[in-house]
Amino acid sequence: MKLYYHPISSYSQKTLMAFYEKGCAFEPVLVNLMDEKAKEEYKKIYPMGKVPFLRIDEKNWSVPESSIIIEYIDRHYPGGTKLIPDDPDLARQVRMRDRFFDLYVNDPMVKIFFDGFRPEGQKDPYGVQQAKDRLDTVFAMIDQEMAEKSWAMGELFSMADCAAAPALGYCRMVYPFTKHKNIVAYINRLAERPSFQRVLKEAEPYLKTFGK
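Residues numbered from 1 in each chain as written. Predicted model: local features only at pLDDT ≥ 70, side-chain atom pairs only at ≥ 80, totals over all residues. Heavy atoms only, no water.

In this structure, the second largest pocket encloses a volume near 240 Å³. Of all elements in the fold, only helix 3 (66–76) and helix 4 (88–115) reach the threshold of two or more residues within the lining of the second largest pocket. No other element matches the 6 residues that helix 4 contributes to the lining of the second largest pocket. Counted by class, the lining of the second largest pocket contains 7 nonpolar, 2 polar and 8 charged residues. (1 Å grid on protein atoms, 1.4 Å probe; cavity = no way out; pocket = protein on both sides within 12 Å on 5 of 7 lines; lining within 4 Å. Points joined across faces, edges and corners; volume = space filled by probe spheres on them. Helix = DSSP H or I, 4+ residues; strand = E, 2+ residues; numbered from the N terminus. Nonpolar A, V, L, I, M, F, W, Y, C, P; charged D, E, K, R; others polar.)

As structure tokens, then:
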């Protein structure tokens, strides 16, 4: 199976982290969405032009979106870390936290991050402030929830932590949460996870050249 991705894409990082947690073999296909020609070629494979995207040619299956890809590999590849519990109530809690980190941490972070690359006169200060206000609220919620937990689901590492790691990791760069000690401790634990260390190492050379 082929995973179309980019190393600095937060949703790609989330998916890669899950693959590494599972020890699941795949063929990586890097997509440079900043290159118009490469982007148009990729749209022939996936017209939405988003990453990550999983293609299983032998089954003629296409699996888009990070959470759905993780659901797929967790169901079909039982080795490694179990990322979504079999218990339906616990699974629902994992999915809820996964969506929370995607929608309320990652997406506002992306707004702030990319607004910094807009030329003068095209920036969106109002939208950036809205994103910061959202993150202020969310950080307070996460900090309170992580007061007595190791991972998003307590002592159970899950898909929600795969979502949290890149989202909070980029937030440290674009809108730090240093006053929230429980989040700081959480991201430090995530940074010690071998799967996330591998993701960060692979992204490092691309981050150095991004925006140049």
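The structure having been displayed, the exposition proceeds.
Turning to helix 6 (residues 159–174), a few remarks are in order. With 16 residues, helix 6 ought to run about 22 Å at 1.5 Å a step, and its terminal C-alpha atoms sit 24 Å apart, in line with that. A large share of helix 6 lies buried, amounting to 13 of its 16 residues. (Expected span 1.5 Å × (residues − 1). Buried < 20%, exposed > 50% of the residue type's maximum accessible area, 1.4 Å probe, protein only.)

This paragraph deals with the side chain of H180. Tracing the backbone shows H180 in the loop between helix 6 and helix 7 (181–191). When neighbours within four sequence positions are excluded, H180 is seen to be in contact with F139, A140 and D143. (Contact = heavy atoms within 4.5 Å.)

What follows concerns the pairing of strand 4 (residues 61–64). The side chains of a regular strand alternate, first on one face of the sheet and then on the other. Of the strand pairs in this sheet, strand 3 (residues 53–56) and strand 4 are connected by 4 bridges, and their pairing is antiparallel. Considered in strand 4, the bridge of I56 is made with W61. (Pairing = 2+ DSSP bridges.)

Axis separation between helix 1 (residues 10–22) and helix 3 bottoms out at 9 Å; the angle between their running directions is 10°. Considering their axes alone, helix 1 and helix 3 lie roughly parallel with respect to each other. Together, Y11, K14, T15, A18, F19 and K22 of helix 1 and S66, S67, I69, I70, I73 and D74 of helix 3 make up the contact between the two elements. (Axes fitted to C-alpha atoms, helices over the stretch in contact; angles between N-to-C directions. Parallel < 35°, antiparallel > 145°, perpendicular 65-115°, else oblique.)

The amide bond that connects V51 to the next residue, P52, takes the cis arrangement and shows omega of 5°. By the element assignment, P52 lies in the loop between helix 2 (36–43) and strand 3. Positive phi, normally seen in glycine, also occurs at N60, with a value near 55°. Locating N60 in the fold gives a position in the loop between strand 3 and strand 4.

Another aspect to go through is the sheet that holds strand 2 (residues 27–30). Pairing is mixed across the open sheet formed by 4 strands, whose spatial order is 2-1-3-4. On the outer flanks of this sheet lie strand 2 and strand 4, each paired with one strand and no other. Taken pair by pair, the neighbouring strands of this sheet meet at an average axis angle of 20°, ignoring direction. Most of the contacts of helix 3 go to strand 4, to which it runs at about 125°, and overall it touches strand 1 (2–5), strand 3 and strand 4.

As for its position among the elements, R198 is in helix 8 (residues 194–209). The exposure class of R198 is partly exposed, given its relative accessible area of 46%.

The next point concerns the packing of helix 1 against helix 8. At a closest axis distance of 8 Å, the pairing of helix 1 and helix 8 adopts a crossing angle of 135°. Relative to helix 8, the element helix 1 is oriented oblique. As helix 1 packs across helix 8, the resulting crossing turns out to be right-handed. Each of Q13, L16, M17, Y20 and E21 in helix 1 lies in contact with helix 8, whose residues at this interface are S195, F196, R198, V199, E202 and A203. (Left-handed = near helix turned anticlockwise from the far one by under 90°.)

This next bit is on the packing of aromatic side chains. Two aromatic rings, taken as a pair, are described by how far apart their centres are and by the angle between their planes. Across all of its chains, the model carries 15 aromatic pairs by this definition. Relative to F26, the ring of Y20 lies with its centre 6.3 Å away and its plane at 35°, an arrangement referred to as tilted. With relative accessibility at 16%, the residue Y20 sits in the buried group. A network of ring pairs unites the aromatic residues Y4, Y42, Y46 and F53 as a single cluster. (Phe/Tyr/Trp six-rings, centres within 6.5 Å; stacked < 30°, edge-to-face > 60°.)

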